[in-house]
Amino acid sequence: MFLDVLRRRNPRLVEAAIALHQAGKIPANTYVIDLDAVEANSRTISTEADRLDLKAFAMTKQMGRNADFCGAIMRGGIGASVNVDMECARATRRAGMAIGHLGHLVQIPRAEADAAASFAPAYWTVFNDEKASEAAGATASLGRVQSMLARIQTPGDTFYRGHEGGFDATEVTAVADRIDAMDGGRFAGITTFPALLFDQASRKVVPTGNLATLHAAAEALARAGRANIEINAPGTNSSMVLKAVADAGATQIEPGHGLTGTTPLHAVEDLPELPAVVYVSEISHYHGGEAFCFGGGLYIDPVFPDYEVRAIVSREPTAAESALRTVEIPPPAAIDYYGMIDASSGRRPAVGDSVVFGFRPQAFVTRAYTCGVSDVASGSPKAGTIHDAFGRPADWPL
C-alpha cells in the first residue's frame, strides 16, 4: 500500500536499501528507516503540537524501539516516549528518551510495578482500582507521588478486539477521588484508544465515540471542581489531525506511524510527513514459477482491506516500475518463513537479488531486524547499528 507512495515521494530510500543490502551492510529481513526523514517528521509534528499546546509522546514499537530511530525523534523535538509495555519502556529508556506515558495500552504486571515506578513515568495509565493501588504503592515506596491517567469507557465506545477495558466513564469523579486518596497516587486525567480512526468510505480521519466519552468525562470533572485535567487522545496522530484533537479538548497526543509517514491517511493523501521505512528481503530459491524471498517481518498492520502486495526486486538500486513484482505473503495464521514472488514474466529474478517492500509495519511483533540509515537523500547512505525487534543491538555480523 505504501510502496507507490515511497517510490514517488522518497525513492532514494528504496535505492539506499538495495545498495546497502547488496553491499552486505544490512541483512535480509530488515526494516530500513530513513533517519533524516524521521527527524523531519518529528519536527513537523512537535512544532504543530507546541503551537496547539499539546504534549507529544512518541510511540516507537512499530520500529522495534530502534535506538537510532529514537534518537532521530528526539532531534526532531519529541523527547519522551509512550510505552505500550515494559519492554518498550526499557528500550526507549536505554535510547535516552524520558518515559512520558506507561501502562497504556498494556497494563503493568503486578511483579513489574516496582520496576515501572523506578522509571519515574510522567503519567501512568490504570484500568481499575487494583492497578491504581499497585502503581501508587510502588511509587510511594520510592517517596514519590505518581500522576495517573484513568482509562475510561462507556457502552458504544470503539475498541480493537483485545484492547477493551477501563473504568466506567460515568463514575469518573469517584475514580478521581479514590486515586487521590491513595498514598503515592494522584489523579491527573483520562485517556482512551482510539480517539480517531481512518474511515475507509470517506478516506478521512474521523473521531470515534471515545472522543465524546472523554469530553463528557472532562465536563463532569470540571463540574466537580477539578481543573487542569490531562486528556490523552491517541489514534492516527499526525500533524494534520492535531488541531481536531486539540479543539476537542485533548492535551496529549502520541504519534507513532505519523513519525514514519505510514498512517492510513498517508497512503491516500500527501501529508507533510514523508514515508520513512521499507522492509528488505532477498531471493532465496525457486519453486516452480515462483521466486521465494526470506520472511520474518512480513506482518502488515491490517488497517486496510486485503490488497495486492508488490515489491521492488533488483540487484541494482532502483525504484522503477519495471522492477515491480507481485508477491504472495503467508496469511496471519501461518509463519512467514518466505514470501512468494511471481516470476512468470519479465526479467527472471536471481538468487540474491534484493526485495524491497513498502507497507505499514509493527516491527515489535516480528522476528525482523531494524536499521536506521542516514544521508539517504545524498545518494551515499550510511547504515547504523542493526537492532533486533526489542530495540537491542543485534549480534550481526558475527
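Because the structure is a prediction, the values reported are computed rather than measured.

1. Notes on the overall build of the protein chain
Inference 1: Secondary structure assignment for the protein chain yields 11 helices and 21 strands.
Inference 2: The C-alpha atoms of the protein chain give a radius of gyration of 22 Å, which matches the 21 Å a tight globule of 398 residues would have.
Inference 3: Relative to its 398 residues, the protein chain shows a buried fraction of 56%.
Inference 4: Taking as baseline every contact in the protein chain between residues at least 6 positions apart, the subset at least 24 positions apart corresponds to 68%.
Inference 5: Here the protein chain has roughly 15,900 Å² of accessible surface; of this, 52% comes from carbon and sulfur atoms.
Inference 6: The distance from the centre of the 35 positive side-chain charges to the centre of the 45 negative ones in the protein chain is 3 Å.

2. A word on unusual backbone geometry
Inference 1: Of the consecutive residues F193 and P194, the connecting peptide bond is found in the cis state with omega at -5 degrees.
Inference 2: Position of P194 relative to the elements: it lies in the loop between β9 (185–191) and β10 (196–199).
Inference 3: In this model, W396 is joined to P397 through a cis peptide bond whose omega is -10 degrees.
Inference 4: Tracing the chain through its elements places P397 in the segment after β21 (382–387).
Inference 5: Even without a glycine there, the phi angle at D53 is positive, about 60 degrees.
Inference 6: Tracing the chain through its elements places D53 in the loop between α3 (35–51) and β2 (55–56).

3. A word on the nonpolar core
Inference 1: Formed by 91 residues in total, the largest nonpolar core has its most connected members in I152, I190 and F357.
Inference 2: If we skip the residues at most four places from it in the chain, F357 touches L3, V278, Y279, S281, C293, L298, V309, R310, A311 and V327.
Inference 3: Counting residues in each nonpolar core, the second largest holds 22 residues, with L6, V14, I312 and V373 among its members.

4. Quick look at helix α8 (residues 172–180)
Helical geometry: 3.6 residues make up each α-helical turn, so side chains three or four residues apart lie on a common side.
Inference 1: Taken residue by residue, α8 has V172, V175, A176 and I179 as its buried positions. Seen along its axis, α8 keeps its buried residues to an arc of 100 degrees; they face one direction.
Inference 2: The inward-facing, buried residues of α8 abut β6 (123–126), α7 (129–140), β7 (146–153), β8 (167–168), β9 and α9 (209–223).

5. Quick look at helix α4 (residues 67–75)
Inference 1: Residues F69, C70, G71, A72 and I73 constitute the buried set of α4.
Inference 2: Lining the buried residues of α4 we find β1 (30–34), α3, β3 (58–59) and α5 (86–94).
Inference 3: At the N-terminal boundary of α4, the capping side chain belongs to N66, with an oxygen 2.8 Å from the backbone nitrogen of D68.
Inference 4: Of the residues trailing α4, G77 is marked for its positive phi of about 115 degrees.

6. What to know about the pattern of salt bridges
Inference 1: Evaluation of the coordinates by the stated rule reveals 25 salt bridges.
Inference 2: Its salt-bridge partner being D129, residue R178 comes within 3.0 Å of it at the nearest N-O pair. Note that R178 is positioned in helix α8 and D129 in helix α7, a separation of 49 residues in sequence.
Inference 3: When its relative accessible area of 33% is taken as the criterion, R178 is described as partly exposed.
Inference 4: Residue R347 is joined to D353 by a salt bridge in which the shortest nitrogen-to-oxygen separation is 2.8 Å.
Inference 5: Take R347: its relative accessible area is 47%, and that puts it in the partly exposed class.
Inference 6: For D353, a relative accessible area of 1% puts it in the buried group.

7. Some details on the packing of aromatic side chains
Inference 1: Per the stated rule, a full pass over the model turns up nine aromatic pairs.
Inference 2: An aromatic cluster of three or more residues is present, and its members are Y31, Y279, F357 and F359.
Inference 3: When the ring centre of Y286 is taken as reference, the NZ or CZ atom of R348 above it lies at 3.7 Å.

8. Examining the pairing of strand β4 (residues 80–83)
Inference 1: Across the two faces of β4 the burial is the same, with A80 and V82 and S81 and N83 all buried.
Inference 2: Bridge analysis of β3 against β4 gives two bridges, and the strand direction is parallel. Bridging from a neighbouring strand, M59 pairs with V82 of β4.
Inference 3: Viewed along the sheet, the connection from β3 through α4 into β4 turns out right-handed.

9. A word on the environment of F390
Inference 1: Positionally, F390 belongs in the segment after β21.
Inference 2: According to the relative accessible area criterion, F390 is partly exposed, its value standing at 35%.
Inference 3: Between the C-alpha atoms of F390 and L265, which are 125 residues apart in sequence, the distance is 27 Å.
Inference 4: Not counting the four nearest positions on each side in its chain, F390 is found in contact with G64, R65, E87, A91 and R94.

10. So, the packing of α8 against α9
Inference 1: Two numbers describe how α8 lies on α9: the axes approach to 9 Å, and their chain directions differ by 65 degrees. By crossing handedness, the relation of α8 to α9 is classed as right-handed. Taken together, the residues of α9 that come into contact with α8 (itself represented by V172, T173 and A176) are A217, A220 and L221.
Inference 2: Looking at the contact of α8 with α9, its residues break down into five nonpolar, one polar and no charged.

Cut-off values and rules
Residues numbered from 1 in each chain as written. Predicted model: local features only at pLDDT ≥ 70, side-chain atom pairs only at ≥ 80, totals over all residues. Heavy atoms only, no water. Helix = DSSP H or I, 4+ residues; strand = E, 2+ residues; numbered from the N terminus. Rg over C-alpha atoms; globule rule 2.2 N^0.38 Å. Buried < 20%, exposed > 50% of the residue type's maximum accessible area, 1.4 Å probe, protein only. Contact = heavy atoms within 4.5 Å. Areas by Shrake-Rupley, 256 points an atom, 1.4 Å probe, with all protein chains shown as cover. Lys, Arg positive; Asp, Glu negative; His and termini not counted. Charge placed at Lys NZ, Arg CZ, Asp CG, Glu CD. Core = buried A, V, L, I, M, F, W, Y, C linked by side-chain atoms within 4.5 Å. Arc of directions from axis to C-beta. Polar contact = N/O pair within 3.5 Å; in protein donor to acceptor, adjacent residues only side chain to side chain. Salt bridge = Lys/Arg side-chain N within 4 Å of Asp/Glu carboxyl O. Phe/Tyr/Trp six-rings, centres within 6.5 Å; stacked < 30°, edge-to-face > 60°. Lys NZ or Arg CZ within 6 Å of the ring centre and 35° of its normal. Pairing = 2+ DSSP bridges. Right-handed = clockwise from strand over helix to strand, strands pointing away. Axes fitted to C-alpha atoms, helices over the stretch in contact; angles between N-to-C directions. Left-handed = near helix turned anticlockwise from the far one by under 90°. Nonpolar A, V, L, I, M, F, W, Y, C, P; charged D, E, K, R; others polar.

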